[in-house]
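# Structure assessment
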Amino acid sequence: LEWSAWCDAVTATRNLFLVLDRSFIHRRGGSLWDIGLRLLATALDGAGVQGAIIRCLRDAITAQRQGRQANVDTIRSIVELLVYITQYDSLEELCLSDADVFYREESCRLVSLMAPAEYVHHCHGRIKEEISRCQALFQPATMLKMLDITRNALVKLQCSTMLEKGVHDFVAEHRVQDMCRMYSICEAVGEVAAVRAAWFSVVKSSGITIMKTAETDDIVEKLLQLKAHCDEMLGVAFRNSVNFAIALKDAFEYFINDGNPNVSAQLLARHTDRILKIGSKFSDAGLDDAIDSCWGLFRFLMAKDVFEAFFRKDLAKRLILCKSASMEAEVRMVQLLRDECGAGFTTKLEGMFRDINAGKALVESFLEVSEPEAQQLGFTCQVLTTVSWPTYPIAEVWYPTSVIRAQEAFKQHYLGMHTGRSLKFVAHLGQCTLRMTVIPSIFAPPTGSCTKKELSMSMYQAIVLLQFNQADTLTFAELQTATGLPDVEIRRTLLSFTANKGCPLLAREGAGQELAESDRFTFNGEFKSKLFRILVNRVQLKETKDEIKKVETRVSEDRQYQVDAIIVRVMKARKRLTHTALLEEVFRNAMFPVTASETKKRIESLLDREYLVRDHAPGTYTYMA
């Protein structure tokens, strides 16, 4: 007898004896329906059919999991039968066990055969199948149990294997959606901590690989790309989880500051210079995004003071040579640094901007009262305060008489406005424009064939080129004596004139690539160019190891003063501290990497200068007011 037909028969019998069912049988507990169910259960149990029914149901459900067809309506009808005869719990327990065995075997087989993305997609598909199956066949309470078993067997059991390769592939290939799916299934089984640990490990190893294998000029660009990809994953896949954001921060701080943290600070400062100077590839909106990206990496630096030193050095060149792509972008970068590190960090940078703004008004006031000669020269200069700007070499170089008179007039004007100050002219970063008239031959009569050009060049280049007003040919030694330029600068300057193979301004007579004192330089009377205004580029020299060392040495000296200030400030507030507690306070307050041995030296220095004294208790210091 089919279950539906049996239900119809019992319902018809109950309707026939409705009065009896509602009065006599109801008063004794139960109903005709309940009596019918008890009789059916007794019959099925006595005939041994119940066990066979449960086995058939289990086989049908397993076959459906394996992809074979099954009569869902029939299975659902029989499951309802077992519910009514109170045998559903036995079926549920056995079906849950079958699902556990099936998915455990499947996960062990597929996790090594499938790619991580394929396996994650397969797990998602299986979970959806089980939801649909439970909704169609089982009672609502069974769904949660079945999903727990499915997720544990497919995900939790293989979590370490799946994460070991999956997170690496998804980060390396920037597969955000695959990471999102994997995180969601791992989150459902309580493996968020494992995903976070794998995320930290992969980001850290990716960063270490970039720092060790990438070209020096490409390191920051690759780190910015990695940061952008990780930020997108953090927002989309991990839903901006605080714990994952902390893991990302810890990973970047580890590999950026691993080894020599000064190198990372220097590379980031150099990259920032490239994006802020004229000729960068960014639009206004793109420049703001690039600045934000650089600032994001800056926050991970431990050697922030090293970044400031190199950034200030590059900023000075951009401001003096008018090479900034946007003054608004320059100000915004300094404001971001101020917001992150405080006003004291950007005091010198802000002083540089004040000098630039004040210099414009100063030159205007000078030209209003100066002699016509200075105005005809187009004389201008920028007054830099020593405390804010990097130190530049001051060489006693040759200047034309007209320039000397203009310099002296400006000096008198400035010192008349400011008493107690000294003023020295630095030609190192000076710029000028020369008007040049080239006569093809000095023996030919003057004709209309003279070539007139305007040459935009550095002050050092102009000083060298003006020497050829006196003679067509000069030796290296004669030029060095006449100009007074340092050896490195005159070599660099002469190379800028002779390097143009097409039509150089100067022709060199000498052997070898290195310039010798006996080399002779002749002005090129056949110089030609289609342009009227010509920019004569200087030979760009990369920062030497000595220059980098000087900056790092200056930063190291500044750090000593800052450590001293931290120690004095802490001891003044606490009055008495142990050596260990004082070290902890220094490490916590310092904005740069500092070691215990360096701190100990500064403590000894303060003891010698009687800022501190040793307490009677061992390893304890007392502040001396």
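Everything numeric here is computed off the predicted structure, so don't read it as measured data. Residue numbering note: each chain is counted from 1, following its sequence as written. In keeping with the predicted nature of the model, local features appear solely for residues at pLDDT of at least 70, side-chain atom pairs appear and are counted solely at 80 or more, and the whole-chain, interface and lining totals rest on all residues. Hydrogens and water molecules were not included; the side-chain quantities draw on all heavy atoms of the structure.

So, on to the pairing of strand β2 (residues 451-458). Across 8 bridges, strand β1 (residues 431-438) lies against β2 in antiparallel orientation. Its bridge partner being in β2, Q431 is matched across the sheet by S458. Strands were regarded as paired on the criterion that DSSP finds at least two bridges between them. Starting at the N terminus, helices and strands are each numbered in turn, a helix being any DSSP run of H or I of at least four residues and a strand any DSSP run of E of at least two. Note that β2 and strand β6 (residues 533-535) share 3 bridges and pair parallel. Along β6, the bridge assignment pairs E454 with R533.

We now examine the packing of helix α6 (residues 88-110) against helix α7 (residues 116-137). Direction vectors running N to C along α6 and α7 enclose 165 degrees, while the axes themselves pass 12 Å from each other. With respect to their mutual orientation, α6 and α7 come out roughly antiparallel. As α6 packs across α7, the resulting crossing turns out to be right-handed. Here α6 contributes F102, Y103, E106, S107 and L110 to the contact with α7, which in turn contributes Y119, H122, R126, E130 and R133. Fitted lines through C-alpha atoms serve as axes, helices being fitted only where they are in contact, and the angles separating the N-to-C directions of these axes extend from 0 to 180 degrees. Small angles under 35 degrees read as roughly parallel and large ones over 145 as roughly antiparallel, with 65 to 115 read as roughly perpendicular and the rest as oblique. Left-handed describes a crossing in which the near helix is turned anticlockwise from the far one by less than a right angle; the clockwise case is right-handed. Contacts are residue-level and defined by heavy atoms, with any inter-residue pair within 4.5 Å sufficient.

Turning to the packing of α7 against helix α8 (residues 140-156), a few remarks are in order. In contact at an axis separation of 10 Å, α7 and α8 are set at 165 degrees when each is read in the N-to-C sense. Our classification of the angle between α7 and α8 gives roughly antiparallel. Relative to α8, the crossing made by α7 is right-handed. The segment α7 lies against α8, with Y119, C123, R126, I127, E130, I131, C134 and Q135 engaging M143, M146, L147, T150, R151, L154 and V155.

The biggest cluster of nonpolar side chains holds 108 residues, and the ones touching the most others in it are W199 and F307. Setting aside chain neighbours within four positions, we find W199 in contact with V167, V171, C230, M233, F238, F244, A247 and L248. One finds V397, M459, L466 and V536 within the second-largest nonpolar core, a separate group that totals 31 residues. The criterion is simple. A nonpolar core is a set of buried Ala, Val, Leu, Ile, Met, Phe, Trp, Tyr and Cys residues joined through side-chain atoms within 4.5 Å. Relative accessibility decides the category of a residue: with a 1.4 Å probe and only protein chains considered, values under 20% of the type maximum give buried, values over 50% give exposed, and everything between is partly exposed.

A word on helix α17 (residues 327-341). The span you would expect from a helix comes to 1.5 Å times its residue count less one. Helix length check: α17, at 15 residues, gives a terminal C-alpha distance of 21 Å against a target of 21 Å (1.5 Å per residue), a fit within 8%. Where α17 is concerned, the buried positions are A329, E330, M333, V334, L336, L337 and C341. Taken down its axis, α17 places every buried residue within 155 degrees of arc, on the same side. Those residues of α17 that are exposed and aimed more than 90 degrees away from the buried face are E328 and D339. In this structure, the buried side of α17 is in contact with α14 (261-276), α15 (284-298), α16 (304-320) and α18 (347-369). Count one or two residues on from α17 and you reach G342, which has phi positive near 100 degrees. Along the arc lie the directions from the helix axis toward the C-beta atoms.

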